Amino acid sequence: MNMNVLLINGSPHAKGCTYTALSEIEKTLRENGIDTELIHVGHKDIHGCIACGKCMETGKCVFNDLVNEVAPKFEAADGIVIGSPVYYASIAGGLKSFLDRLFYSTRFDKRMKVGAAVTSARRAGTIATFDIINKYFSIAQMPIATSFYWNEVHGANAEQVVQDEEGMQCMRQLGRNMAFLIRAIAAEKALNGLPEQEPRVWTNFIR
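Residues numbered from 1 in each chain as written. Predicted model: local features only at pLDDT ≥ 70, side-chain atom pairs only at ≥ 80, totals over all residues. Heavy atoms only, no water.

Chemist: Describe the environment of lysine 73, naming the residues involved and giving the relevant values.
Modeler: Looking at where lysine 73 falls in the secondary structure, it is placed in helix α3 (residues 66–76). Taking the relative accessible area as the measure of exposure, lysine 73 reaches 34% and is therefore partly exposed. Separated by 67 residues in the primary sequence, lysine 73 and leucine 6 place their C-alpha atoms 7.4 Å from one another. The contacts of lysine 73, once residues within four sequence positions are left out, are Leu6, Glu37 and Ile39. (Helix = DSSP H or I, 4+ residues; strand = E, 2+ residues; numbered from the N terminus. Buried < 20%, exposed > 50% of the residue type's maximum accessible area, 1.4 Å probe, protein only. Contact = heavy atoms within 4.5 Å.)

Chemist: Could you give me a rundown of the environment of glutamate 31, with the residues and numbers involved?
Modeler: Locating glutamate 31 in the fold gives a position in helix α1 (residues 17–31). Each C-alpha atom, one on glutamate 31 and one on glycine 175, is 9.3 Å from the other, the two residues being 144 residues apart in sequence.

Chemist: An account of α3 is needed here, citing residue identities and associated values.
Modeler: An α-helix turns once every 3.6 residues. As a result, residues three or four positions apart point the same way. When we look at burial in α3, the residues that qualify are Leu66, Val67, Asn68, Val70, Ala71 and Phe74. Tucked inside the fold, the buried residues of α3 contact β1 (3–9), β2 (34–40), β3 (79–87) and α4 (93–105).

Chemist: Summarise the pattern of salt bridges; cite the residues concerned and give the values.
Modeler: Tallied over the entire structure, the rule returns seven salt bridges. With its nearest N and O atoms 3.2 Å apart, the salt bridge here joins glutamate 37 to lysine 73. Highlighted residues: glutamate 37 in strand β2 and lysine 73 in helix α3, separated in sequence by 36 residues. The partner of arginine 111 in a salt bridge is aspartate 109, and the shortest N-O contact between them spans 2.9 Å. With a relative accessible area of 16%, arginine 111 lands in the buried category. Shared partners join several salt bridges into a network, and the residues in it are Glu24, Lys27 and Arg172. (Salt bridge = Lys/Arg side-chain N within 4 Å of Asp/Glu carboxyl O.)

Chemist: I'd love a proper account of the packing of α4 against helix α5 (residues 126–139), names of residues and values included.
Modeler: The N-to-C vectors of α4 and α5 enclose an angle of 10 degrees; their axes lie 11 Å apart at closest approach. Considered as vectors, α4 and α5 are oriented roughly parallel to each other. Along its contact with α4, which presents Lys96, Leu99, Asp100 and Phe103, the element α5 presents Ile132, Tyr136 and Phe137. Split into classes, the residues belonging to the contact of α4 with α5 amount to five nonpolar, no polar and two charged. (Axes fitted to C-alpha atoms, helices over the stretch in contact; angles between N-to-C directions. Parallel < 35°, antiparallel > 145°, perpendicular 65-115°, else oblique. Nonpolar A, V, L, I, M, F, W, Y, C, P; charged D, E, K, R; others polar.)

Chemist: Describe the pairing of β2, naming the residues involved and giving the relevant values.
Modeler: By the bridge criterion, seven bridges tie β1 to β2 in an arrangement that is parallel. If you follow valine 5 over to β2, its bridge partner there is threonine 36. With α1 bridging β1 and its parallel neighbour β2, the resulting β-α-β unit is right-handed. (Pairing = 2+ DSSP bridges. Right-handed = clockwise from strand over helix to strand, strands pointing away.)

Chemist: Account for the pairing of β1, with residues named and values stated.
Modeler: Of all seven residues making up β1, six are buried, and the element is well covered by its neighbours. Alignment of β1 against β3, held across five bridges, turns out to be parallel. Paired with valine 5 across the two strands is glycine 79, which belongs to β3.

Chemist: Lay out the nonpolar core with the relevant residues and their values.
Modeler: Of all hydrophobic cores here, the largest spans 28 residues; its most connected members are Ile8, Ile82, Leu95, Phe98 and Phe103. Where this core is concerned, the elements lending two or more residues are β1, α3, β3, α4 and α5. Among all residues touching isoleucine 82, those that are not within four sequence positions of it are Ile8, Leu95, Leu99, Phe103, Ala116, Ala117, Val118, Ile133 and Phe137. Ile34, Val81, Val153 and Leu174 belong to the second-largest nonpolar core, a separate cluster that totals 24 residues. (Core = buried A, V, L, I, M, F, W, Y, C linked by side-chain atoms within 4.5 Å.)

Chemist: Outline a nonpolar patch on the surface, supporting the account with residue identities and numerical values.
Modeler: Where nonpolar side chains cluster on the molecular surface, the patch consists of Ile127, Phe148, Tyr149 and Trp150 and spans about 400 Å² of accessible area. The exposure class assigned to tyrosine 149 is partly exposed, which follows from its relative accessible area of 41%. (Patch = residues over 30% accessible without salt bridge, like charges linked within 9 Å, V, L, I, M, F, W, Y side chains within 5 Å. Areas by Shrake-Rupley, 256 points an atom, 1.4 Å probe, with all protein chains shown as cover.)

Chemist: Give me the lowdown on unusual backbone geometry, citing residues and values where you can.
Modeler: Positive phi outside glycine occurs at alanine 51, with the angle close to 55 degrees. Residue position: alanine 51 is located in the loop between β2 and α2 (54–58). Even without glycine at this site, alanine 89 takes up a positive phi of about 60 degrees. Following the sequence through the fold, alanine 89 ends up in the loop between β3 and β4 (90–91).

Functional significance is not addressed by these values, which are geometric in nature.
Written out as structure tokens, the structure reads:
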């Protein structure tokens, strides 16, 4: 059975720093037998969530844009890599709106899909961005793929990112580790299914 990973480029630049990092991961995933698709979202005009609640009724976002186009690809994927440049020490705004709506509006089970965050910066802000992206995975019961360092590359342009030898090596190791996790989870799922789920308990803090 073919495994596949969706890679999301959250940079406005189609072939910039973030793309360069994601391409290195994509190449490694393919070398390890994983099918891939790279989608550019950072250049789109993506509306933020307005908390209308319509997705609870329909299973899709009320704004019929790239979020709803990507949702079935995400559902079919065994893993997802989300890449963001650093703007003002944080995640790119358009990508944040995209991820908020993609994760919240979709009703399908995301458990045990493997997630990975990738960040790129000229200098600083990668760790804050890395943490923000990983929170989407952790609330969805998605295992997080890691490398030998935080998944980040540095440079002011794609050419400089290629010169970040440690960063690019980190991307390749991330690809290998992600492929291993995906195969291991698929094997266990085939034998024993997914972990048991308890009925959800909701607690509101009012004081």
